[in-house]
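Read off the chains here:
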Amino acid sequence: MISANDLTPAELAALLHFHSDAGVEWLLEEEAVDRFAEFEAMKAARQGARPVQPRVEAPPSAARPATQPERRQAAQPAAAPMSPRSAPAIPDEQAVEQARFAAESARSLSELKTALEAFNGCNLKNSARSTIFASGSPEGRIMVIGPMPSADDDREGLPFAGRTGQLLDKMLGAIGLERGGILLTNVIPWRPPGNRAPSAPEVEICRPFIERQIALAEPKALLLLGNFTARHFFESNETIHGLRGQWRDVTIAGRAIPAIASLHPQELLTAPINKRLAWNDLLTFKSRIEADLG
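Residues numbered from 1 in each chain as written. Predicted model: local features only at pLDDT ≥ 70, side-chain atom pairs only at ≥ 80, totals over all residues. Heavy atoms only, no water.

Just checking my understanding: could you explain the pairing of strand S5 (residues 248-252) for this structure?
Bridge count for S5 against strand S6 (residues 255-262) is five bridges, and the pairing is antiparallel. Within the sheet, the bridge partner assigned to Ile252 lies in S6 and is Arg255. The turn joining S5 and S6, which pair antiparallel and follow one another in sequence, is formed by two residues; a positive phi near 55° is taken by Ala253. (Pairing = 2+ DSSP bridges. Helix = DSSP H or I, 4+ residues; strand = E, 2+ residues; numbered from the N terminus.)

Is there a simple way to explain helix H9 (residues 200-217) in this structure?
Every α-helical turn comprises 3.6 residues, leaving residues that sit three or four positions apart pointing alike. The end-to-end C-alpha separation of H9 is 26 Å, in line with the 26 Å expected for 18 residues at 1.5 Å each. Along H9, the helix axis deviates most sharply at Cys206, where the bend reaches about 35°; the proline Pro208 sits within four residues downstream. A positive backbone phi angle near 50° is found at Glu218, which sits one or two residues after H9. (Expected span 1.5 Å × (residues − 1). Bend = angle between axes of the 7 residues up to and from the residue.)

How should I be thinking about the packing of aromatic side chains in this particular structure?
Each aromatic ring pair is described using two quantities: the centre-to-centre distance and the angle formed by the ring planes. Per the counting criterion, the structure on display carries two aromatic pairs. With centroids separated by 5.9 Å and ring planes inclined at 15°, the aromatic side chains of Trp247 and Phe285 adopt a geometry described as stacked. Of this pair, Trp247 sits in the loop between helix H11 (240-243) and S5 while Phe285 sits in helix H13 (residues 275-293); the two residues are 38 residues apart in sequence, bridging distant segments of the chain. Trp247 gets classed as partly exposed once you look at its relative accessible area, which sits at 25%. The buried category is assigned to Phe285, whose relative accessible area is 0%. One Lys or Arg, Arg288, reaches over the ring of Trp247 and ends 4.8 Å from the middle of that ring. (Phe/Tyr/Trp six-rings, centres within 6.5 Å; stacked < 30°, edge-to-face > 60°. Buried < 20%, exposed > 50% of the residue type's maximum accessible area, 1.4 Å probe, protein only. Lys NZ or Arg CZ within 6 Å of the ring centre and 35° of its normal.)

Help me understand the nonpolar core in this model?
The nonpolar side chains of soluble globular proteins are, as a tendency, buried together. Membership of the largest hydrophobic core comes to 64 residues, with the highest contact counts inside it found for Val144, Ile145, Ile214, Leu222, Phe233, Phe234 and Phe285. Per-element accounting of this core gives the leading share, seven residues, to H9. Apart from the residues lying within four places of it in its own chain, the contact partners of Val144 are Phe160, Leu168, Leu172, Ile182, Leu183, Leu184, Thr185, Leu223 and Leu225. (Core = buried A, V, L, I, M, F, W, Y, C linked by side-chain atoms within 4.5 Å. Contact = heavy atoms within 4.5 Å.)

What follows is the structure in structure tokens.
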């Protein structure tokens, strides 16, 4: 085992960031626990749990010493009662129907947020700290949609938080947009554990909520960020490099909305050389929204 005393401050910080991204929220108890004392107490309790049998007088000829299996069985504590079986999970098809009903019943974004926070049909909610809903203003008639919350999003309860959010703010500012004047959201409202990709059933359970957000916001244009988001809306298996920079219509609630895909800010932090591609996409996006909204 590697001791924390053997790590440099930079290595220790990197290790803590790794645990944070993996979903570990704490490493130590608030108070020290003596595990050796706990073990000795458990051992003493186990030895003292031998059941006391009623004394039966028997003639000397019938008396015999207990066999080893009998002594071992007597020394074992009584089995604890079985806990009741947990309720079976909701079938995926039923969860999708519940999500669709909850989403379609909302008549405003605030009602939809309340419905989403009350919805318990998706297992992703059980491991996430926050339910991430759209932030900003629908008045700008522009929506920026990412894939799923990051660890920073989950901690702060907002989409596009942390370093990726700071970079996105700069990207939007370069084409004259501000975070508060548009609507930012994610396809998946709960961070998957360990940043894993959501399963196909999880995506279908979340689909009614993101589509209802778009329907209620009535945007004039969508900016889709990242591989997962582009594939989700364009229904394609191509990578983001094959889908980016091209205007396509996304049909939501019977309404066609122009959408363009680009690289996610996290991808740009990982590979800064791709910033030139994202900049070209932003310029294309800017030209369209100025023509449609200007």
